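# Results of the structural survey
Here is how the chains run, residue by residue.
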Amino acid sequence: MATSSITATAFKGGLVSSFASGENYVTLVKAIPAQIRGRKSTRARPMMKNVNEGKGLFAPIVMITRDIVGKKRFNQLRGKAIALHSQVITEFCKSIGADAKQRQGLIRLAKKNGEKLGFLA
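Residues numbered from 1 in each chain as written. Predicted model: local features only at pLDDT ≥ 70, side-chain atom pairs only at ≥ 80, totals over all residues. Heavy atoms only, no water.

## Points about helix H6 (residues 100–117)
The end-to-end C-alpha distance of H6, which contains 18 residues, comes to 26 Å, matching closely the 26 Å that a straight helix rising 1.5 Å per residue would cover. Within the sequence span of H6, burial applies to Ile107, Gly114 and Glu115. Down the axis of H6, the buried set is contained in an arc of 100°. They therefore lie on one face. Exposed and oriented more than 90 degrees from the buried face of H6 are Lys101, Lys112 and Lys116. Where H6 is buried, its residues contact helix H5 (71–96). (Helix = DSSP H or I, 4+ residues; strand = E, 2+ residues; numbered from the N terminus. Expected span 1.5 Å × (residues − 1). Buried < 20%, exposed > 50% of the residue type's maximum accessible area, 1.4 Å probe, protein only. Arc of directions from axis to C-beta. Contact = heavy atoms within 4.5 Å.)

Written out as structure tokens, the structure reads:
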């Protein structure tokens, strides 16, 4: 049975080097329409959005407060409130002897309840 092998010298001056520095590369680039070459990525950026936006008992109060104080300041206040609430949950878990997994579950539950009630509107 005859076996054939390809050596590295067989690729010298082959496809890779001719596209990298030769005329074929320039021809290839010119063959691609300018609209395709210059096109920027049109990938949409993911947005974090509340599925219950505008719904819930407290949503109108939250949205009015956000309009009055401004979005930036409102998000700062919301972040502080969420951090304080997480600290309260952590202290509660320490006092009853709950582990980290149970604590994380309570924090997730608090987030879900906040979404349903409209605090995260």
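What follows continues from the structure just given.
## Let's talk about H5
The terminal C-alpha atoms of H5 lie 37 Å apart, and with 26 residues this matches the ideal 38 Å at 1.5 Å per residue to within 8%. Next to the buried residues of H5 lie helix H4 (59–69) and H6. Note on H5: the residue one or two positions beyond its end, Gly97, has a positive phi of about 80°.

## What to know about the packing of H5 against H6
Interhelical geometry of H5 versus H6 gives an angle of 145° and a closest axis separation of 10 Å. The element H5 and its partner H6 pack so that their crossing is right-handed. Packed against H5, whose contacting residues are His85, Ser86, Ile89, Thr90, Phe92 and Cys93, the element H6 presents Arg103, Leu106, Ile107 and Ala110 at the interface. Grouping the constituent residues of the contact of H5 with H6 by class yields 6 nonpolar, 3 polar and 1 charged. (Axes fitted to C-alpha atoms, helices over the stretch in contact; angles between N-to-C directions. Left-handed = near helix turned anticlockwise from the far one by under 90°. Nonpolar A, V, L, I, M, F, W, Y, C, P; charged D, E, K, R; others polar.)

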